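# Structural characterization, general
Next come the chains, spelled out residue by residue.
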Amino acid sequence: SELYAHTQSIVSIVQTSVLICLVGVSSYLFKRDADRIVIMPLLNLARLVQRMSDAPLDPITESVGGDSETDLVEQALKKFGRLLQIGFGDAGSEIIGKNLGAHGDLNPMIAGKKMEAIFVFASIRKFTACTECLQEDVMVFVNSIAEIVHMAVKQNHGVPNKNMGDAFLLVWRLPGQQTSQSGEASESTVADSALKACVRVCVEVQASSDLAKTVEHPKVQERLPGYRVSLGFGLHSGWGIEGAIGSTLKIDASYLSPSVNMASRLDSGTSQFGVDILMSEIFYNQLSPTIQSLCRRIDRVTLKGSKQPMSLYTYDVPAVDAVSDYELALDCPEFFDQFCPKTSSEYRRRFDEAVQSYLDGNWTTAYEILEKIRHHRADDGPASVLREVIKGERFQAPLDWKGYRELTRK
């Protein structure tokens, strides 16, 4: 019996040891699988959400493989984050990020931030008629243009901010206002980039075979014979308030400023002067001297809603024969040499003499110069506008002429 008891004790010890080993191995395997399948994926999800909240603009990498529930949730979160980045844009993502509280709560009732920037307002001409003719296809039409505009702005260090159907608000932060991604740049470099983006959009829209096919729609051509897609651009520089606008039910990230309104009015003025690009004096002064020499002053006015007179400038966008981006050679280092103004330097010099005589009140002299250069560019919109203004006053400046006139149209 003593031997039996001893044997049973040994068997019990062995059984207990085996059970302890089995429990230990099972616990290890369970913990390993729990860490791999549950804990680590949940921690990755938590880190992903925290990173998206802290830095909404950081690139979100695509998940590779994985069919588990947590993998699907992570993929969904990343897609959601990318959609937010696209929906709000670069500036919008930063603004919304600042409006997220420590616990992820959205609080729109906070003050905005004052900043200095170049504001560009761009609009599609004859858009209402195109909408009525294209019906459902108008979405493809608008988005094709938006793709060109956004890409040109992004590649020239700006940010698309608002899409408003037929119009776009585009922003270039001035030095000292740059985000960490865009880096610092001189004021003239930023202004040159903004103008370059506008010129690029103009020539790229001209060369787009897809847009040309879209507007060849029979109803469009019946309503607008010979119509080709074009945009107007108003460029102005000044301060703006950057912030989130709306409520917890619907919120947008944008800018409130008289400078934005001024850019919009300059855009409206492009159709009055028959130009693609209209720049304020403030913006023009921020351009580099080389680019300034390619622009020309076309008038001095007070715009609706402003009593401060300002000189207006334009860049005469050239016509292009290309039918693709490849033919345009948009990546050429000397962009403004590739797409130099359609007006010659001599024409711009003579036109500036006419404008200066006009501003000085010597309207007869101004008209004579405009008539002499008329045969060089009979279709020049700014020259036609000045001739009409002078003729309307019977070739004599008004007695109360102060060197500028009022543009009453908005």
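Rules behind the numbers
Residues numbered from 1 in each chain as written. Predicted model: local features only at pLDDT ≥ 70, side-chain atom pairs only at ≥ 80, totals over all residues. Heavy atoms only, no water. Buried < 20%, exposed > 50% of the residue type's maximum accessible area, 1.4 Å probe, protein only. Helix = DSSP H or I, 4+ residues; strand = E, 2+ residues; numbered from the N terminus. Pairing = 2+ DSSP bridges. Core = buried A, V, L, I, M, F, W, Y, C linked by side-chain atoms within 4.5 Å. Contact = heavy atoms within 4.5 Å. pLDDT = per-residue confidence, 0-100. Phe/Tyr/Trp six-rings, centres within 6.5 Å; stacked < 30°, edge-to-face > 60°. Lys NZ or Arg CZ within 6 Å of the ring centre and 35° of its normal. Expected span 1.5 Å × (residues − 1). Salt bridge = Lys/Arg side-chain N within 4 Å of Asp/Glu carboxyl O. Polar contact = N/O pair within 3.5 Å; in protein donor to acceptor, adjacent residues only side chain to side chain. Arc of directions from axis to C-beta. Patch = residues over 30% accessible without salt bridge, like charges linked within 9 Å, V, L, I, M, F, W, Y side chains within 5 Å. Areas by Shrake-Rupley, 256 points an atom, 1.4 Å probe, with all protein chains shown as cover. 1 Å grid on protein atoms, 1.4 Å probe; cavity = no way out; pocket = protein on both sides within 12 Å on 5 of 7 lines; lining within 4 Å. Points joined across faces, edges and corners; volume = space filled by probe spheres on them. Nonpolar A, V, L, I, M, F, W, Y, C, P; charged D, E, K, R; others polar.

## Here's the deal with the pairing of strand β1 (residues 113–124)
Of all twelve residues that make up β1, nine are buried, and the element is covered over most of its length. By the bridge criterion, twelve bridges tie β1 to strand β4 (residues 231–246) in an arrangement that is antiparallel. Opposite I118, over in β4, you have S237 as the bridge partner. Of the strand pairs in this sheet, β1 and strand β3 (residues 167–173) are connected by seven bridges, and their pairing is antiparallel. Each residue of the ladder has a partner; that of V120, found in β3, is L170.

## So, the pairing of strand β2 (residues 159–163)
Sheet analysis places β2 next to β3, joined by four bridges and oriented antiparallel. Opposite P160, over in β3, you have L170 as the bridge partner. Where β2 hands over to β3, the hairpin turn is made up of three residues, of which G165 adopts a positive phi near 75 degrees.

## Quick look at the nonpolar core
If you look at the biggest cluster of nonpolar residues, it comprises 61 residues, and the most contacted ones within it are F141, L195, L231, F233, I277, M279 and Y315. In terms of residue count, helix α5 (residues 187–207) provides more of this core than any other element does, twelve residues in total. Beyond its immediate stretch of four places on either side in the chain, L231 contacts A122, S123, I124, R125, I145, V149, F168, V201, V205 and D276. V275, I298, L303 and A383 belong to the second largest nonpolar core, which has 30 residues in total.

## A short note on the confidence of the model for the chain
Per-residue confidence for the chain gives a mean pLDDT of 85, with 87% of residues at or over 70. Below pLDDT 50 for its whole length, residues 178–183 participates in eight contacts with residues either more than four positions away or in separate chains.

## As for the packing of aromatic side chains
Throughout the structure, instances matching the rule amount to ten aromatic pairs. Ring centres 5.8 Å apart and planes at 65 degrees place the aromatic pair Y315 and F336 in the edge-to-face group. With Y315 in the loop between β8 (310–314) and α11 (325–328) and F336 in helix α12 (residues 335–338), the pair connects residues that are 21 residues apart, well separated along the chain. Neither Y315 nor F336 differs from the other in exposure class; each is buried. By the ring-pair criterion, three or more aromatic residues cluster together here, those being Y315, F335, F336 and F339. Residue placement shows K114 over the ring face of W239; its charged tip is 5.1 Å from the ring centre.

## What about helix α13 (residues 345–360)?
Counted at 1.5 Å a residue, the expected span for α13 with its 16 residues is 22 Å, and the 22 Å between its end C-alpha atoms agrees. What α13 keeps buried is the set Y347, R348, F351, A354, V355, S357, Y358 and L359. Residues of α13 that are buried sit in contact with β7 (296–302), α14 (363–372), α15 (381–392) and β9 (405–406). G361 sits one or two residues past α13 and shows a positive phi near 95 degrees.

## Overview of the pattern of salt bridges
In total, this model carries 16 salt bridges according to the counting rule given. Between D380 and R296 there is a salt bridge, and its shortest N-O distance comes to 2.5 Å. With D380 in the loop between α14 and α15 and R296 in strand β7, the pair connects residues that are 84 residues apart, well separated along the chain. R296 matches D380 in its accessibility class, with the two residues each being buried.

## So, the environment of F273
Among the structural elements, F273 can be located in helix α8 (residues 258–273). In this structure the C-alpha to C-alpha distance between F273 and D380, which are 107 residues apart in sequence, comes to 8.9 Å. Apart from the residues within four sequence positions on either side, F273 is in contact with L278, I298, D299, L312, G381, P382, V385, R405 and L407.

## Quick word on the environment of S293
Relative to the assigned elements, S293 resides in the loop between α10 (289–292) and β7. Its relative accessible area of 46% is what places S293 among the partly exposed residues. Each C-alpha atom, one on S293 and one on R349, is 9.7 Å from the other, the two residues being 56 residues apart in sequence. A distance of 2.5 Å separates a polar side-chain atom of S293 from the backbone oxygen of T290.

## With respect to helix α3 (residues 127–134)
Within the sequence span of α3, burial applies to F127, A129, C130, C133 and L134. When α3 is viewed along its axis, its buried side chains cluster within an angular range of 160 degrees and face the same direction. Close packing links the buried residues of α3 with β1, α4 (138–155), α6 (209–214) and α7 (218–223).

## Remarks on a nonpolar patch on the surface
A cluster of nonpolar residues, I37, V38, I39, M40, L42 and L43, forms a patch on the protein surface that exposes about 480 Å² of accessible area. Looking at the secondary structure, you find M40 in helix α1 (residues 2–54).

## Brief notes about the layout of surface pockets
Taken as a whole, the second largest pocket spans an internal volume of roughly 620 Å³. Lining the second largest pocket are 32 residues, with R125, Q206, S230, D276 and K342 positioned closest to its centre. Those elements that place two or more of their residues in the lining of the second largest pocket are α5, α6 and α15. Among the elements that make up the lining of the second largest pocket, the one with the highest residue count is α5 (four residues). Of the residues belonging to the lining of the second largest pocket, the class tally is 15 nonpolar, eight polar and nine charged.

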